[in-house]
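Working through the structure, step by step
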Amino acid sequence: MKKEVSWVVGGQQGEGIDSTGEILAAALNRLGYHIYGYRTFSSRIKGGHTNYTIRISTERVVGNAEKIDILLAFDQDSITRLGENLAKGAIVITDADGKVSIPAELGINHVAVPMTQISKDLGNTLMKNTVGLGVSAALMGLGKEDFAAIIKEQFERKGEKVVNLNTEAFMKGYQFIKDASIDLSSTELLPGDGKRRYMMSGNEAAGFGALVGGCRFLAAYPITPASEIMQYLIKEMPNYHGAAIQVEDEIASLIMAIGAGYTGVRSMTSTSGPGLSLMMEALGYAGMTESPVVIIDVQRAGPSTGMATKHEQSDLYEMVYGSHGDLARIVLTPGTVEEVFYDTALAFNLAEKYQVPVIVALDMALGLCKQTVEVFDFDTINIDRGQVMTEEELEKLGSDFKRYLLTENGVSPRSLPGQKHGLYLATGVEHDPSGHIFEGRENRVKMVDKRFKKLEGAAKELKGHSLEYLGSENPDLLTIGWGGTKGQLTETYQTLKEEGYNVAHLHFRAVSPFPKEQVQAYIYAAKKVLIVENNSSGQLGNIIAQAIDIDRNRVQKLLKYDGNPFIAAEIISRCREVL
Amino acid sequence: MKKEVSWVVGGQQGEGIDSTGEILAAALNRLGYHIYGYRTFSSRIKGGHTNYTIRISTERVVGNAEKIDILLAFDQDSITRLGENLAKGAIVITDADGKVSIPAELGINHVAVPMTQISKDLGNTLMKNTVGLGVSAALMGLGKEDFAAIIKEQFERKGEKVVNLNTEAFMKGYQFIKDASIDLSSTELLPGDGKRRYMMSGNEAAGFGALVGGCRFLAAYPITPASEIMQYLIKEMPNYHGAAIQVEDEIASLIMAIGAGYTGVRSMTSTSGPGLSLMMEALGYAGMTESPVVIIDVQRAGPSTGMATKHEQSDLYEMVYGSHGDLARIVLTPGTVEEVFYDTALAFNLAEKYQVPVIVALDMALGLCKQTVEVFDFDTINIDRGQVMTEEELEKLGSDFKRYLLTENGVSPRSLPGQKHGLYLATGVEHDPSGHIFEGRENRVKMVDKRFKKLEGAAKELKGHSLEYLGSENPDLLTIGWGGTKGQLTETYQTLKEEGYNVAHLHFRAVSPFPKEQVQAYIYAAKKVLIVENNSSGQLGNIIAQAIDIDRNRVQKLLKYDGNPFIAAEIISRCREVL
Amino acid sequence: MARTVADFRTNNKPWWCPGCGDFAVMTALQKAAAKLGLDPEKVVVVSGIGCSGKLSDYFNSYGFHSMHGRTLPAATGIKLANRDLTVIAAGGDGDGYGIGLNHFLHSIRRNVDITYLVMDNHIYGLTKGQFSPTSDPGHKTVTSPEGTLDAPVQPITMALATGIGYVAQGFSGDPNQMADLIVGAIEHKGFSLVNLISPCVTFNKVNTYDYYKENLINLAVDEKYDSSNRGIALQKMMETNELVTGLIYKGESTPLEDTLPGYDNNPLVKQDLNIESDRWFKAMQKFA
Amino acid sequence: MARTVADFRTNNKPWWCPGCGDFAVMTALQKAAAKLGLDPEKVVVVSGIGCSGKLSDYFNSYGFHSMHGRTLPAATGIKLANRDLTVIAAGGDGDGYGIGLNHFLHSIRRNVDITYLVMDNHIYGLTKGQFSPTSDPGHKTVTSPEGTLDAPVQPITMALATGIGYVAQGFSGDPNQMADLIVGAIEHKGFSLVNLISPCVTFNKVNTYDYYKENLINLAVDEKYDSSNRGIALQKMMETNELVTGLIYKGESTPLEDTLPGYDNNPLVKQDLNIESDRWFKAMQKFA
Ligand SMILES: Cc1ncc(C[n+]2csc(CCOP(=O)(O)OP(=O)(O)O)c2C)c(N)n1
Ligand SMILES: Cc1ncc(C[n+]2csc(CCOP(=O)(O)OP(=O)(O)O)c2C)c(N)n1
Ligand code: SF4
Ligand code: SF4
Ligand SMILES: [Mg+2]
Ligand SMILES: [Mg+2]
């Protein structure tokens, strides 16, 4: 019996592959397993291969496993694409109709189950996936009762008959495996802890985090792989009396959010690369008018349309350097579903406290993959609106209110439209402390400095947050990553540590403001450094190099940009080489 | 008598200040002086102070002088703003109507000339500027006959009467000074060499360079300070049977240019910061489809609307890092009007040879300031269309043409729509060598690498071009600049060298591809380095730091971002401090 | 509280050229605001980039000087964030009908309760005289040396065709009529457009005050004109080439604020964001 | 050379769902191209991003698979660069009437000789079923759980109001009529629009083939309908809520290519760029 099993179902898009995965995941969650589910799909609605991978473990897992233990292959592509990833002893299930053939050289345990036939016998070919679920449950040695409940839940709204038929289909598949004498040593799981957790994708966590963080306005435009954020918020926002709308394009969406932010409502938009590029002008406007706003960018493979359904972390340059002129902004790069939740909520505080645009970077895997999480700690989230003036305070100032007052830390008191004595002009044109358009030389320099000064405060606040360091103080090898690679890099660290290596890992949870001193200290203390990124330019690596003197001979890069997230094993083997 | 004089006319916008400067410049050019003319103005059409500075010299000058020798002050602002910049012995001319008062503490030579009265006496108050011109000519000790010819030229289309009146007004002003006994030692010029040069702004040079470089398509949208480029091309293009049009926005303008570039016509757009930000999505598309296109960005003070009529060099980050995903592009940063001409022409070759978007960076001063230039060397410009296939070549390949063929240097042969056997799909989606949408892993990596590989070829070609180095090999101080600071930095270098310092200057004429090895060698050979930029982030400095290990203790920065270009004297004094 | 025009004046000296039509627009807006008895702090003027866009710096209220062409999305965000505010978007013809045309039409469709004032001078003023989307055919400018080639935008026709609920046209030669039309627009619940013919005396020598005085027809004096019929309005626009002043069309309209699920009378900006953990625990159950 | 549909087929297997209306559009375009005897290499199909945008990968010609909403500027650049090409822009309703509406209307005004095919399924197909600008009021989707709130774009009315010279509407249920309308559009000199009702069988359960079969009126069979009168056309669109097929309007049109100064019959792409220095010396004199 194993602590961990990796299960995959593959087939044609539109054939129910997704829901098969979802049902299995839901059932496993009830049984108290930790889960990480990853979907591979393409920019095509029906047809074309898709697969759903679920990594199931008795411990927390983030990221895919290297090898597959159970493969439910509903099409030939499942074999050609995934065949080489099978673990030793893996079991491959195909339909007994023989449409999918297994090349002899694969040398695997292959079980043909008459899934379509069973389904047909029950009067409906649509249930072959349910049969497959029964097969899977049996292979993992799970109790069938737990599934019965889930199947009921899942098909309830289609009526009792459907529930019963599916239950039967499930049981038939289950029984088929029980009856066949198969060696289950590679597929049988140790029991779960019975604790039901929550299944959430990063996109859902972002939407939920936004609500908890006080966001009450979203304007967005559909785009893969970010659409779920807006869809979640459009569905949920009515419960919080906010406004969440789909609008004409990304240009409008960010500007609406800025307008709402200026007015005093926590506001956001969500998008992916092409949309982010369209937002560059407005990003600068938010900076110049010091309007709080949050942008979530769920990165996909670029540039241009790129590969809309493939993974990458390559928008960092644009997030950090995009928009014309010198512009201060905050860029958060959460690494797990939990971090996405907390950091999205945090983003709204930062946006209001420092009156800057805040970008939260997700990537496709982080956005779409469902993962089991523990209940969030809502008490840690408090809403800090920053320096919003009350009407009383404004009244005291009389006509003396200066929206862009030059202060020690660059942050100025803010009035909100509707407040008496707080009238001012927000303008993207350079202005004086009271907000009037003014192009004087000294004023200009002071205003530029003021706007950047604010990042120093943010840097202080984020000091304990921007970086997470794991491991020994003087490691032989320090791995560095940002955003969604955290899971695989943590796994890498743990594996290498268990193997006895002196390693450490540095995770960037925020890239701007850049935590220069700390990064420098960590890098200087390490013998060798490996920067791991899902892009071809080594974007974070270059941003690090910009900020600190770095001895390039000690630094290596592992860059993956084939459209897929890392697998810990890849990183581990590269680390061993470097070490 | 002096080798160099700095003359300024100041007054209210809409009062003919500009044309006064233009006429003087034209006359001085005829007399064989070298000229650099700089306008200060604001985002306002009429009213508000404006001034026109002309630096006149018997040798080539680029950039403003530190001090003013002659100030024609038509409004009080001219005194308050420019008073402190007067040279010792400077002469200030005001109208005898007494509207402009000179504070005693300025202690300058002040001559009140009844300019309005003279003009009125001639029957028209509009000619006070012409009187001022006469005054100026006399102060500089120039012959009045030369001016007569120019005045004729200038006012010819308004009829003989206007010519005569203006000639008279000029002469009256001229005579006034001759009659007054004034010490002209600070204002009288050595004679010019009598060689008439060409007066051109960077924007004009860009437009002209584009034509000479084969550009036959422009789509653009008005924006200060770039509009003159489109205006020049709209006017001139009909003579070359091309198409130059104003369109609905910057998004459309770049995409149209890309469409034309794909079709085989050398094409471009011109804009400033806000427009550049709107072009980020299309920039990536040009990169992904490997469509040649040229973008000219005349930078102004940012971010956002910023200061539309003020100077800055702060779009470098966006030019180099903008657009989502990993994107290869070329960024040229010419430093003088001549370089703008040659580099714009060159940009079209680079765009077609390497099939990449090429950005040419100007800045406001470079774009708008008129400067005397020698005749261009048209023979050095040859048009290299890169790997465009002929129909015969395509026919030989039959149906085997691969638009994105993987080659040694990353550059693939190109067919043009209309050609038989050359059919292909240009798509912003990842594709295989034949152009079909394809998201396979290995293909993806190869295509990304291919697109970046092309920059290596460009880097080789640009090796002798990207950097210009002046001075000793092991300098005590190396100054570094890019783009439009070249004039002032060259002047700095010369001055310091003459003072006996061991200095050198490195001018970046291209920033991407980054000429890493050479820059490294230059920086390592210098004791100290001063990076001089018109922005607040130190954008080039950071890009350098990204590429090479740099000992930050040896490197200092001089950043100016008050909306005005450097004056050599500012840089010189900072250099002396550092040295 | 009774308001006067002075309540909406600031000390900022307008940068417009003497004689610019935009002065009249500003005065008209101030008059309208006074007539309606608005509180300056309850008004946000959202302006674009252009000579016209400077309005927000001269009008005493909250101001949001937006990006070129982007007044309407900004105004939409502001209004939805605080429905108690009176939100007025104002910009030029280039701003609104050129680069910003997309937002203009989608805003009509969305029908948020904002009033849009376009200061239409048929030219790009601030950038010094290029043709604009409303420039007459054949108008010679620095970017159309042989005359403009594009067919002009017919903003009112377009607005009518897209289903606008209130549309009127004023002229800087008649600031009082302008003010009344603006009052009507602000009172209208939903998106409203007042196109304001505001001559550029510096760069447009074709569409001058005199030209308009000669050519504009005042619909208000035409007793037979029925401004409650969209078809008739469209017809009229085609016949007159949009050379009219007055109320062109006013019809029924349900603003987005009244249909958006969960959106209530209490403005978003006043909602209490501090929600007890309990409620979040419940919300999290949806993911169980 | 006589052409057949096969000349415009590629070996690429379309990624569309079985039953998708876009198949018929592709067939119709292929038929039209064959009828017109076009050479594949003289055609550029410029497509947008969406299910519809994939057309350019399946049609045998030069293809330019553009950005979301940006087909028309691309097509404009291509056509002006080589006026000998037949340039066809094709995209979805979201692409053309949502994010791309600005370019759509400005392209009508500019009147470059391109043909625009919009595959209108009233939904965002590729991004999995969000409402689109043409979605019916009240249509429930993942982003309009209580039904869409925005008034739908009326693309044909808008096009007519903006002065389009050729506009027609086809339906995937009748690919032959589609083909004829496309032929007419390509033959028309100037900008033309054929709106193609192309049902999305996967995400749009409201605007189905059956729905259209019941509701569409074929103008071709209405002998009294006068497609040469813009006013009548506008009227008809209002009456029918645009639920028609056939040629809606065709009028006079002078494409930009015929008015652009200096632009001649020899395509830009064929101009010789090697100009003797002499001519440049002369050009430089203007700066003396
Ligand atoms: C993205 C962008 N493009 C271009 C500009 C330059 N620009 C400023 S105002 C303007 C046009 C102004 O014309 P209009 O909107 O008609 O206003 P007017 O000045 O005539 O009142 C332009 C093109 C800009 N600010 N931003
Ligand atoms: C700038 C940008 N925003 C969003 C997207 C995502 N996107 C791709 S297709 C599409 C909508 C497709 O709808 P439609 O144009 O109607 O085409 P259909 O799929 O229905 O044929 C969207 C929003 C994108 N590719 N680019
Ligand atoms: S340029 Fe024209 S629009 Fe601008 S302020 Fe002057 S008159 Fe008014
Ligand atoms: S999702 Fe709809 S539009 Fe897209 S291919 Fe399928 S049926 Fe066609
Ligand atoms: Mg205008
Ligand atoms: Mg659609």
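Preceding this paragraph is the structure being described.
Figured I'd write up the structure that's included with this text. Everything numeric in this text was worked out from a predicted model, so none of it was measured.

Conventions used here
Residues numbered from 1 in each chain as written. Chains lettered and ligands numbered in written order. Predicted model: local features only at pLDDT ≥ 70, side-chain atom pairs only at ≥ 80, totals over all residues. Heavy atoms only, no water. Contact = heavy atoms within 4.5 Å. Buried area = accessible area lost by both parts, 1.4 Å probe. Salt bridge = Lys/Arg side-chain N within 4 Å of Asp/Glu carboxyl O. Polar contact = N/O pair within 3.5 Å; in protein donor to acceptor, adjacent residues only side chain to side chain. Helix = DSSP H or I, 4+ residues; strand = E, 2+ residues; numbered from the N terminus. Nonpolar A, V, L, I, M, F, W, Y, C, P; charged D, E, K, R; others polar. Buried < 20%, exposed > 50% of the residue type's maximum accessible area, 1.4 Å probe, protein only. Axes fitted to C-alpha atoms, helices over the stretch in contact; angles between N-to-C directions. Parallel < 35°, antiparallel > 145°, perpendicular 65-115°, else oblique. Phe/Tyr/Trp six-rings, centres within 6.5 Å; stacked < 30°, edge-to-face > 60°. Lys NZ or Arg CZ within 6 Å of the ring centre and 35° of its normal.

Focus: the interface of chain A and chain B
Each partner contributes to the interface: chain A provides 62 residues, whereas chain B provides 62 residues. For the pair chain A and chain B, the summed buried surface comes to about 5100 Å²; carbon and sulfur atoms form 49% of the total. When the area that chain A buries against chain B is broken down by residue, the three leading residues are A:His324, A:Asp326 and A:Gln546, summing to 15%. Taken together, chain A and chain B are joined by 8 salt bridges. On the surface where chain A and chain B come into contact, there are 46 residue pairs in polar contact (both at pLDDT 80 or more). Of all elements in the fold, only α10 (273–278), α11 (280–289), α12 (316–321), α16 (441–461) and α20 (539–547) of chain A reach the threshold of two or more residues within the side of chain A that touches chain B. The element that contributes the greatest number of residues to the side of chain A that touches chain B is α16(A), accounting for 7 residues. Taken together, the residues of the side of chain A that touches chain B sort by class into 23 nonpolar, 23 polar and 16 charged.

Things to note about unusual backbone geometry
For the peptide bond that leads from A:Ser512 to A:Pro513, omega is -5 degrees, which places it in the cis range. Structurally, A:Pro513 can be placed in the loop between β19 (510–512) and α19 (516–525). Looking along the chain, the bond that leaves B:Thr224 and enters B:Pro225 is cis, with omega of 0 degrees. Examined against the element boundaries, B:Pro225 turns out to sit in the loop between β8 (217–220) and α8 (227–236). Its identity is not glycine, yet B:Ser304 carries a phi of approximately 55 degrees, on the positive side. By secondary structure assignment, the location of B:Ser304 is in the loop between β11 (293–299) and α12 (316–321). Given the relative accessible area of 3%, B:Ser304 is considered buried. Positive phi, close to 55 degrees, is recorded for D:Asn241, a residue that is not glycine. For D:Asn241, the location among the structural elements is in the loop between α9 (230–240) and β10 (244–250). Owing to a relative accessible area of 49%, D:Asn241 belongs among the partly exposed residues under this scheme.

Digging into the interface of chain C and chain A
At the interface, 51 residues of chain C touch 64 residues of chain A. For the pairing of chain C and chain A, the buried interface totals around 5000 Å² over both sides, and the portion due to carbon and sulfur atoms is 67%. Our count for the chain C to chain A interface comes out at 2 salt bridges. Summed over the shared surface of chain C and chain A, the result is 22 residue pairs in polar contact (both at pLDDT 80 or more). Among the secondary structure elements, those contributing two or more residues to the side of chain C that touches chain A are α2 (55–58), β2 (62–65), α3 (71–81), α5 (101–110) and α10 (277–285) of chain C.

Notes on the environment of D:Tyr209
All names here are of chain D. Along the chain, the position of Tyr209 falls in helix α8 (residues 209–215). Separated by 48 residues in sequence, Tyr209 and Ala161 place their C-alpha atoms 29 Å apart. Apart from the residues lying within four places of it in its own chain, the contact partners of Tyr209 are Gly19, Cys20, Gly21, Phe171, Ser172, Gly173, Pro199 and Val201. Polar side-chain contacts of Tyr209 include one of 3.0 Å to the backbone oxygen of Gly19.

A word on the packing of helix α3 (residues 71–81) of chain D against helix α5 (residues 101–110) of chain D
All names here are of chain D. At a closest axis distance of 8 Å, the pairing of α3 and α5 adopts a crossing angle of 30 degrees. Considering the angle they form, α3 stands roughly parallel to α5. Contacts between α3 and α5 involve Leu72, Pro73 and Thr76 on the former and, on the latter, His103, Phe104, Ser107 and Arg110. Its residues placed into classes, the contact of α3 with α5 shows 3 nonpolar, 3 polar and 1 charged.

Here we look at the packing of aromatic side chains
A complete count under the given rule lists 72 aromatic pairs over all chains for this structure. With 5.7 Å between their ring centres and 70 degrees between their planes, A:Tyr342 and A:Phe376 make a pair best called edge-to-face. With a gap of 34 residues between them, A:Tyr342 in helix α13 (residues 337–354) and A:Phe376 in the loop between β14 (370–373) and α15 (391–397) connect regions that are remote in the sequence. Residue classification places A:Tyr342 among the partly exposed positions, given a relative accessible area of 23%. Taking the relative accessible area as the measure of exposure, A:Phe376 reaches 2% and is therefore buried. With a centroid separation of 6.2 Å and 50 degrees between ring planes, the pair formed by B:Tyr317 and B:Tyr321 is classed as tilted. Of the two residues, B:Tyr317 and B:Tyr321 are both situated in helix α12; the distance of 4 residues between them amounts to about one turn of the helix. The burial state of B:Tyr317 is the same as that of B:Tyr321; both residues are buried. Members of the aromatic cluster, joined through ring pairs, are A:Phe208, A:Tyr232, A:Tyr240, A:Phe341, A:Tyr342, A:Phe376, A:Phe378, C:Trp280, C:Phe281 and C:Phe287. For A:Arg39, the ring lying beneath its charged end belongs to A:Phe41, and the centroid distance is 5.3 Å.

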